[in-house]
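Per-entry structural report
Single-letter residue listing:
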Amino acid sequence: MDSLATYRISDFLLFSPEAYLRLFERLNETLWPAQLGLLVVIVALLALVWRGQLRSVLALFALAWLLVAWVFFIEHYQQINWAAGYMAVGFALQALLLAGLAALPSGLSLTRRPFGLFLLIAGLVITPPMTLVYGLPLAAMEFFALMPDPTAIATLGLVFLMQGRARWILLPLPLIWCLASALTSWGLPWPPGLAAPVAALILTAGAGIKALVSPGTARS
């Protein structure tokens, strides 16, 4: 037991910060100029959210999680992390949950809660340029539907924009990913990858506590 206490998170990671940075650069270089098309998708997604078109929003989010499962985890992350295949299964499962809610009657609807909108916009718009704040190259930017962090954070926002009990089945996997991403960034260390998931975890915890203590929100 004493020997186990000497281990750090970094001892379980199989790659360096440089390899992690190169992962994002390679992915962006491979897919360019698909990122330009994503800007159109993001604008359309925000418009659908504002208009309350929940089924279309859920379908787009399902596609985003499926794309991350394949493009990020299977085609790229698996090259430096043997566990990426298992992570891809988790993201594919989340895509299935989103698609199921889009296809089946669920009693869900969309609201315009400020907290939900903030997390949604954080994932879609704010997270990508955060890499530039740390002086990293433009090629290392993380994009919704291509990389897991912004996709998970935007999904947390979607959960808190939705009204109805069924929405809570969408919460665990994005939270698990944010925690895993934060631990990975802490262990590397990788400051650019730490701020966004940690902030999302803290904000979601606060919103969850508020939902539990507020009778009106708890019934939604």
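Note: the structure precedes this text.
In short, a report on the structure. (Residues numbered from 1 in each chain as written. Predicted model: local features only at pLDDT ≥ 70, side-chain atom pairs only at ≥ 80, totals over all residues. Heavy atoms only, no water.)

**Describing the environment of L119**
Heads up, the rule is: In DSSP terms, a helix is any run of H or I states spanning at least four residues, a strand is any run of E spanning at least two, and both are numbered starting from the N terminus. Contacts are assigned to residue pairs with any non-hydrogen atoms lying within 4.5 Å of each other.
Following the sequence through the fold, L119 ends up in helix α6 (residues 114–126). Separated by 34 residues in sequence, L119 and I153 place their C-alpha atoms 6.3 Å apart. In contact with L119, other than residues within four places in its own chain, are I153, A154, L156, G157, A200, L203 and T204.

**Digging into the environment of A207**
Here is the rule we go by: The rule is simple: take the accessible area with a 1.4 Å probe, protein chains only, and divide by the maximum for that residue type; under 20% is buried, over 50% is exposed, in between is partly exposed.
Its place among the elements puts A207 in helix α10 (residues 195–213). Assessed through its relative accessible area of 15%, A207 is described here as buried. As a C-alpha pair, A207 and F160 span 47 residues in sequence and 8.3 Å in three-dimensional space. Once residues within four sequence positions are removed from consideration, A207 is found in contact with F115 and F160.

**Considerations on the packing of aromatic side chains**
Short version of the rule: Note on aromatic contacts: the rings of Phe and Tyr and the six-membered ring of Trp form a pair at centre separations within 6.5 Å, being stacked when their planes are under 30 degrees apart, edge-to-face when over 60 apart, and tilted otherwise.
The tally for this structure, following the rule as stated, stands at 14 aromatic pairs. Between F72 and F73, the aromatic rings sit 5.0 Å apart at their centres with planes inclined by 85°, giving edge-to-face as the arrangement. We note that F72, like F73, is buried. Plain terms: the ring middles of F115 and F160 are 5.3 Å apart, the flat faces sit at 80° to each other, and that makes the pair edge-to-face. Taken together, the residues span a long stretch of sequence, with F115 in helix α6 and F160 in helix α8 (residues 148–161) at a distance of 45 residues.

**Comments concerning the packing of helix α3 (residues 34–51) against helix α4 (residues 54–74)**
Relative placement of two packed helices is described by the angle separating their axes and the distance separating the axes. Stated precisely, the cut-off is as follows: Angular values range over 0 to 180 degrees, each being the angle between N-to-C directions of two axes fitted as lines to C-alpha atoms, with helices fitted over their stretch in contact. Handedness of each helix crossing follows the sense of rotation of the near helix against the far helix: counterclockwise by less than a right angle gives left-handed, clockwise gives right-handed.
Between α3 and α4, the least distance of the axes is 9 Å, while the angle of their chain directions is 145°. The two elements α3 and α4 meet at a crossing, and its hand is left-handed. Side by side, α3 and α4 meet where L45, L48 and V49 of the first sit next to S56, V57, L60 and F61 of the second.

**Details of the nonpolar core**
Quick note on the threshold: Joining through side-chain atoms within 4.5 Å is the link that ties buried Ala, Val, Leu, Ile, Met, Phe, Trp, Tyr and Cys residues into a set, and such a set is a nonpolar core.
Among the nonpolar cores identified, the biggest contains 59 residues, and L58, F61, F72, F73 and M162 are the most heavily contacted of them. If you list the elements that add at least two residues to this core, you get α2 (17–31), α3, α4, α5 (84–103), α6, α8, α9 (172–187) and α10. Broken down by element, the residue count for this core peaks at 12 residues, all from α4. Setting aside residues no more than four positions away along its own chain, F61 makes contact with L45, L98, L120, F144, A154, T155 and L158.

**A few points about unusual backbone geometry**
Note that the residue after W32, namely P33, is joined by a cis bond; omega there is 10°. Positionally, P33 belongs in the loop between α2 and α3. For A145, which is not glycine, the phi dihedral falls at a positive 75°. The residue A145 is located in the loop between α7 (130–133) and α8 in this model. Overall, the relative accessible area of 4% leaves A145 in the buried class.

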